[in-house]
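Breakdown of the fold
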Amino acid sequence: MADTPTLEAIVSLCKRRGFVFQASEIYGGLAGFYDYGPLGVELVNNIKQEWWRAMVREHDNIFGVDGAIIQNPKLWEASGHVAGFTDPMVEDLVTHKRYRADHLANTDSTDLAELKELLKDMKSPDGNALSEPRVFNMMMETFIGPVGKGDDAAAVQFIDSSFFETEEGKAFSVRIFEKTQLAYLRPETAGSIFTNYDNVRETMRAKLPFGVAQIGKAFRNEISPRDFIFRVRELEQMEMQYFIPPADQEEVYQRWRDFAWDFLFNRLGIAESNLQWHEHDEKERAHYAAAAHDIYFNFPQGFKELWGTHNRTDFDLSNHARVSGKDLSYFEESTRERFIPYVIESSVGVGRMLMAVLTDAYHEEEVNGEQRVVLKLKPSIAPYRVAVSPLLKNKPELVAKAREVYSMLKKEFGNVMWDDNSNIGKRYRRQDEIGTPYCVVIDFDTLEGDTANTVTVRDRDTTKQTRIVISELIESLKD
Ligand code: GAP
């Protein structure tokens, strides 16, 4: 296993090469919020596409949805998030900075009595006395309807326009008013999967077992966002809920655990030595889970949670059935039994996956007496598949030929970069740092002699250079 890079090295690369920027950086940033730059968005899109392909396209019985971020607040009451989506918090009694109590105590337990005992002689990171631990709800609140200064929740607010036609065919609109309503930004994407369980079952004529998958944003008022994009307040999740007969829970739970490991290793190319299992004990499990196994990744700050597989039993569907009054039971024809399906959940954060991929791929090494940083990304997820360069940018004949090759490759692969800045050595270093697997260089040998119509292809990992005939270039790069 290569040495794990420091957090500073990853943050610096992300900024330097346009993977991740602080959100609203020119205003001093905002804790827990990040923007993806040109390289980051390409890498993240490739990761999401790979997950969607493995999860949805390669399964006949898994269907995608894309739910709203704001749902009827009753959803979060039924799911237990209003009452139970909490973290333990302590406050520095002088600076009033707030901290995750379990993080300060360095424990996985969120039990208040246990934390009180562990923290009783402890000071805050600034050396001051701490408050007693108490629970803090992490749901982000918002109001539906415009809220003016001094308005209270009972104020009457405009919520929508509806368009009607007069008998003469003239359009007019009616503005609809209602009381301002407290709502939540979803804390997990799973919510709208549960509320759409019956819609998907019916429209797709699905029989158990079947799954519903979603990629989307979620929001959590984390007490102490930290470690760059590891713990943020606006995150993106890739989640899948697999609806099953209760009797299948053990076998299916194991299957989705295997899927997660296999995806990280085979589809993203993450070294197995950087992965390990962590089973939640009772004190650590979320309020909805009867069993939970995380895959931990070897992040710069140590082995931490990357991907969770949870047995959510019939907790969610039973509660949604109870609160909404809609029958969400399933009739199994073969056994003539009616029951509420169990759910095995697979859930991973996109940002955390990006951070794991970058950490795993990051290498500092010496090549021909020179230090280089190289991202050894799996070619299928690299932001750019290949970079094309003319050896010299002030030689029109080289540039014209290079442009020809660039257009040909761009048509085939799409994610191809044109790079004619500075000398060839610097270009290689730049492409190494962003993980481009191959650099194609058009030089004077491309234009004439025995080597006419051949190019140099330089391999990112070995730095070896090979001459390849242009007509065979696409097949060769595909290989
Ligand atoms: N639906 C289940 C669920 O949300 P979770 O363990 O709270 O479970 C699932 O979150 C995954 O989402 C985590 O394994 C992690 O990858 C990611 N995640 C959770 N909170 C996060 C945060 N504050 N910042 C970044 N990623 C987060």
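Sequence positions are assigned chain by chain, starting from 1 and proceeding in written order. Reporting of local features is limited, given that this is a predicted model, to residues whose pLDDT is at least 70; pairs of side-chain atoms are given and counted only at 80 or more, and all residues count toward the totals for whole chains, interfaces and linings. Only hydrogens and water are set aside when side-chain values are computed; all heavy atoms of the structure are taken into account.

This brings us to the overall build of the protein chain. Across its full length, the protein chain carries 15 helices and 25 strands. For the protein chain, the spread of C-alpha atoms along the three principal axes comes to 80 × 75 × 55 Å. The classification of residues rests on relative accessible area computed with a 1.4 Å probe and restricted to protein chains. Under 20% of the type maximum is buried, over 50% is exposed, and intermediate values are partly exposed. Per-residue burial for the protein chain yields a buried fraction of 48% across its 479 residues. Taking as baseline every contact in the protein chain between residues at least 6 positions apart, the subset at least 24 positions apart corresponds to 64%. Split by element, the accessible area of the protein chain, about 23600 Å² in all, is 48% carbon and sulfur. Seen as two clouds, the 58 positive and the 77 negative side-chain charges of the protein chain have centres 4 Å apart. Counting from the N terminus, the helices are the DSSP runs of H or I reaching at least four residues and the strands are the DSSP runs of E reaching at least two. Contact definition: two residues touch when any of their heavy atoms are within 4.5 Å. Only the protein chains shown count as cover for residues, and all accessible areas are computed by the Shrake-Rupley method using a 1.4 Å probe. For the charge count, each Lys or Arg is scored as positive and each Asp or Glu as negative, with His and the chain ends excluded. Lys charges are placed at NZ, Arg charges at CZ, Asp charges at CG and Glu charges at CD.

Moving on: empty space enclosed by the protein. Cavity and pocket criteria rest on a 1 Å grid covering protein atoms alone: a 1.4 Å probe that fits but cannot get out defines a cavity, protein on both sides within 12 Å along at least 5 of 7 lines defines an open pocket, and an atom within 4 Å of a point defines a lining residue. Grid points are joined across faces, edges and corners, and a volume is the space filled by probe spheres set on the points. Inspection of every chain in the model, using the stated rule, returns one cavity of 30 Å³ or more. Considering only enclosed or pocket space, the largest cavity measures out at about 30 Å³ in volume. Forming the boundary of the largest cavity are Ala387, Ser389, Asp419, Ile424, Arg427, Tyr428, Gln431, Cys439 and Val441. Going through the elements one at a time, strand E21 (386-390), helix H13 (424-434) and strand E23 (438-442) are the ones with two or more residues in the lining of the largest cavity. The dominant element in the lining of the largest cavity, judged by the number of residues it contributes, is H13, at four residues. Classifying every residue of the lining of the largest cavity by side-chain character gives five nonpolar, two polar and two charged. Residue type decides the class: Asp, Glu, Lys and Arg count as charged, Ala, Val, Leu, Ile, Met, Phe, Trp, Tyr, Cys and Pro as nonpolar, and the leftover types, Gly among them, as polar.

A word on the nonpolar core. Counting 59 residues, the largest nonpolar core has Phe19, Trp51, Met55, Trp256, Leu264, Trp307 and Met353 as the members making the most contacts within it. With sequence-adjacent residues up to four places away left out, Trp51 is seen in contact with Val56, Ala213, Gln214, Ile215, Met238, Glu239, Met240, Phe263, Trp307 and Val348. Buried Ala, Val, Leu, Ile, Met, Phe, Trp, Tyr and Cys residues that are joined via side-chain atoms within 4.5 Å together make up what is termed a nonpolar core.

Moving on, we come to unusual backbone geometry. Residues Leu208 and Pro209 are joined by a peptide bond in cis, for which omega reads -5°. With respect to the helices and strands, Pro209 occurs in the loop between helix H8 (197-203) and strand E11 (210-219). The phi dihedral of His96 is positive, around 65°, even though this residue is not glycine. Mapped onto the fold, His96 is located in the loop between strand E4 (86-91) and strand E5 (98-100).

Moving on: the site of the ligand. Only a single heavy atom is needed: when it lies within 4 Å of a molecule or strand, its residue is near that molecule or strand. The immediate surroundings of the ligand are formed by 20 residues, with Glu188, Glu222, Glu239, Glu305 and Leu306 found nearest. A 3.5 Å cut-off defines polar contacts: any pair of N or O atoms within that distance qualifies, except that in protein one atom must be a possible hydrogen donor and the other a possible acceptor, and neighbouring residues in sequence count only when both atoms are side-chain atoms. Taking Phe230, its main chain carries an N or O atom lying 3.3 Å from a nitrogen atom of the ligand. Summarising the interface, the protein chains cover 93% of the accessible area of the ligand, which totals 560 Å² for the free molecule. Mapped by element, the contributors of at least two residues to the shell around the ligand are strand E12 (234-244), strand E15 (302-313) and strand E18 (342-349). For the shell around the ligand, the element with the most residues is E15, which contributes five residues.

Moving on to the sheet that holds E11. When DSSP finds at least two bridges between two strands, those strands are taken to pair. The strand order E3-E11-E12-E18-E15-E14-E13 describes an open sheet built from seven strands, whose pairing is mixed. On the outer flanks of this sheet lie strand E3 (62-64) and strand E13 (275-279), each paired with one strand and no other. Going across the sheet, the axis of each strand differs from the next one's by a mean of 25°, ignoring polarity. For helices, the fitted axis covers only the stretch in contact; all axes are lines through C-alpha atoms, and the angles between them, taken along N-to-C directions, range from 0 to 180 degrees. Packed onto the sheet, helix H9 (residues 249-267) meets E3, E12, E13, strand E14 (291-299), E15 and E18 and runs at close to 150° relative to E15.

Let's shift gears to the pattern of salt bridges. Note on definitions: salt bridges are taken to be side-chain nitrogens of Lys or Arg within 4 Å of carboxyl oxygens of Asp or Glu. One pass over the full model with this rule turns up 37 salt bridges. Notably, a salt bridge pairs Glu370 with Arg429, separated by 3.1 Å at the nearest N-O pair. Placement of the pair is Glu370 in strand E20 (residues 370-375) and Arg429 in helix H13, with a sequence separation of 59 residues. According to the relative accessible area criterion, Glu370 is partly exposed, its value standing at 44%. For Arg429, a relative accessible area of 23% puts it in the partly exposed group. Taking the shortest distance from any N to any O, the salt bridge between Lys478 and Glu412 comes out at 3.0 Å. One end of the pair, Lys478, is in helix H15 (residues 473-478); the other, Glu412, is in helix H12 (residues 396-413), with 66 residues separating them in the sequence. When salt bridges that share partners are traced, they join Glu365, Glu370, Arg372, Lys376, Arg429, Asp432 and Arg458 into one network.

Here we come to the domain arrangement of the protein chain. The source of the domain bounds is an automatic or database domain assignment. Partitioning the protein chain into structural domains gives domain 1 (7-85 + 187-358), domain 2 (140-184) and domain 3 (384-478). Between domain 1 and domain 2, roughly 670 Å² of surface is buried when both sides are summed, and carbon and sulfur atoms account for 72% of that area. Put simply, buried area is how much 1.4 Å-probe accessible surface two parts lose in total, over both of them, once they are put together. Area buried by domain 1 at its contact with domain 2 is led by Ile70, Pro73 and Asn221, which between them contribute 55% of it. In this structure, the connection of domain 1 to domain 2 is made through zero salt bridges. Run the count over domain 1 and domain 2 and you get zero residue pairs in polar contact (both at pLDDT 80 or more). Class assignment for the residues of the side of domain 1 that touches domain 2 results in seven nonpolar, two polar and two charged.

Across the six residues of strand E24 (residues 454-459), five count as buried, placing the element largely inside the fold. Looking at chain direction, E23 and E24 are connected through four bridges and run antiparallel. Counterpart to Tyr438 in the pairing with E24 is Asp459. As paired strands, E24 and strand E25 (residues 465-469) are joined by five bridges and run antiparallel to one another. Bridging from a neighbouring strand, Thr456 pairs with Arg467 of E25. Once E24 ends, the chain turns through five residues before running back antiparallel as E25, passing Thr463 with a positive phi of about 65°.

A helix's residues, less one, multiplied by 1.5 Å, set its expected span. Taking 1.5 Å of rise per residue, 20 residues should cover 28 Å, and helix H2 (residues 38-57) covers 27 Å from first to last C-alpha, within 8% of that figure. Every buried residue of H2 is accounted for by Leu39, Gly40, Leu43, Val44, Asn46, Ile47, Lys48, Glu50, Trp51, Ala54, Met55 and Val56.

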